[in-house]
Amino acid sequence: ALQKAMDHAQQVRQKIETEHDAEPALVQARQRLQQSQQSLEQLATPLLTQARASAEHKAAVAARDAARQKGDSRAYSDAIATIKRLEAAVIEGHPQAKAAQAAVTDSEAAVRTLVEKRDAAIAGDARFSAAKGEIDKARAVAAQAQQKLTSEVKQLQDAERRLEREEQEKRAQEQRQ
């Protein structure tokens, strides 16, 4: 029953999420994010290709690979940080790529804000609240069943111990006679 209630709540959430995901503001924000990511990729790809050909970048990649081979997590992290710093510097040094990166960051923030609003709306939706109520009821029933089972197991164990004692006493009496 609990799994059924959880599955139902998930289905309700997905249905409500789908409804909210179709809202124009979120659709437009996601489209802007995709467009800004594509613009950044078009600008950044040749810049990053050029940066990756540099001796400094190649040395950082070699240091990363060597650290991975040795299992040196600190050196690996340092090399990754160097690679990211070099690649970020190339983007920062190109005004159009820098603007495209800012557009991606802004678009990501806009999508994140709208998704947070969507999630808050879902949490407050009566259908989802009812489904969560079903889960709570199923959990309560499961907890009661678990308590009852635990109690019955304890009673059974007590009965087995009493029976064992009685059998021991009976054997002891038979040996005395």
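Residues numbered from 1 in each chain as written. Predicted model: local features only at pLDDT ≥ 70, side-chain atom pairs only at ≥ 80, totals over all residues. Heavy atoms only, no water.

**Some words on the environment of glutamate 152**
Here comes step 1: Its location among the elements puts glutamate 152 in helix α6 (residues 126-176).
Here comes step 2: Given the relative accessible area of 40%, glutamate 152 is considered partly exposed.
Here comes step 3: In sequence terms glutamate 152 and leucine 2 are 150 residues apart; their C-alpha atoms lie 22 Å from each other. (Helix = DSSP H or I, 4+ residues; strand = E, 2+ residues; numbered from the N terminus. Buried < 20%, exposed > 50% of the residue type's maximum accessible area, 1.4 Å probe, protein only.)

**Some details on the packing of helix α1 (residues 2-21) against α6**
Here comes step 1: Look at α1 against α6: their axes get within 9 Å of each other, and the N-to-C directions meet at 170°. Judged by the inter-axis angle, α1 sits roughly antiparallel to α6. Relative to α6, α1 is oriented so that their crossing is left-handed. Residues Leu2, Ala5, Met6, His8, Ala9, Val12, Arg13, Lys15, Ile16 and Glu19 of α1 lie in contact with α6, whose contacting residues are Arg127, Phe128, Ala131, Glu134, Ile135, Ala138 and Arg139.
Here comes step 2: Residue composition of the contact of α1 with α6, grouped by class: 10 nonpolar, one polar and six charged. (Axes fitted to C-alpha atoms, helices over the stretch in contact; angles between N-to-C directions. Parallel < 35°, antiparallel > 145°, perpendicular 65-115°, else oblique. Left-handed = near helix turned anticlockwise from the far one by under 90°. Contact = heavy atoms within 4.5 Å. Nonpolar A, V, L, I, M, F, W, Y, C, P; charged D, E, K, R; others polar.)

**Description of the side chain of glutamate 87**
Here comes step 1: The residue glutamate 87 is located in helix α4 (residues 73-92) in this model.
Here comes step 2: The residues contacting glutamate 87, other than those within four sequence positions of it, are Leu48, Arg52 and His57.

**Digging into the packing of aromatic side chains**
Here comes step 1: Here the structure, examined in full by the defined rule, presents zero aromatic pairs.
Here comes step 2: Arginine 13 extends its terminal NZ or CZ atom over the ring of phenylalanine 128, reaching a point 5.9 Å from the ring centre. (Phe/Tyr/Trp six-rings, centres within 6.5 Å; stacked < 30°, edge-to-face > 60°. Lys NZ or Arg CZ within 6 Å of the ring centre and 35° of its normal.)

None of this, on its own, says anything about what the molecule does.
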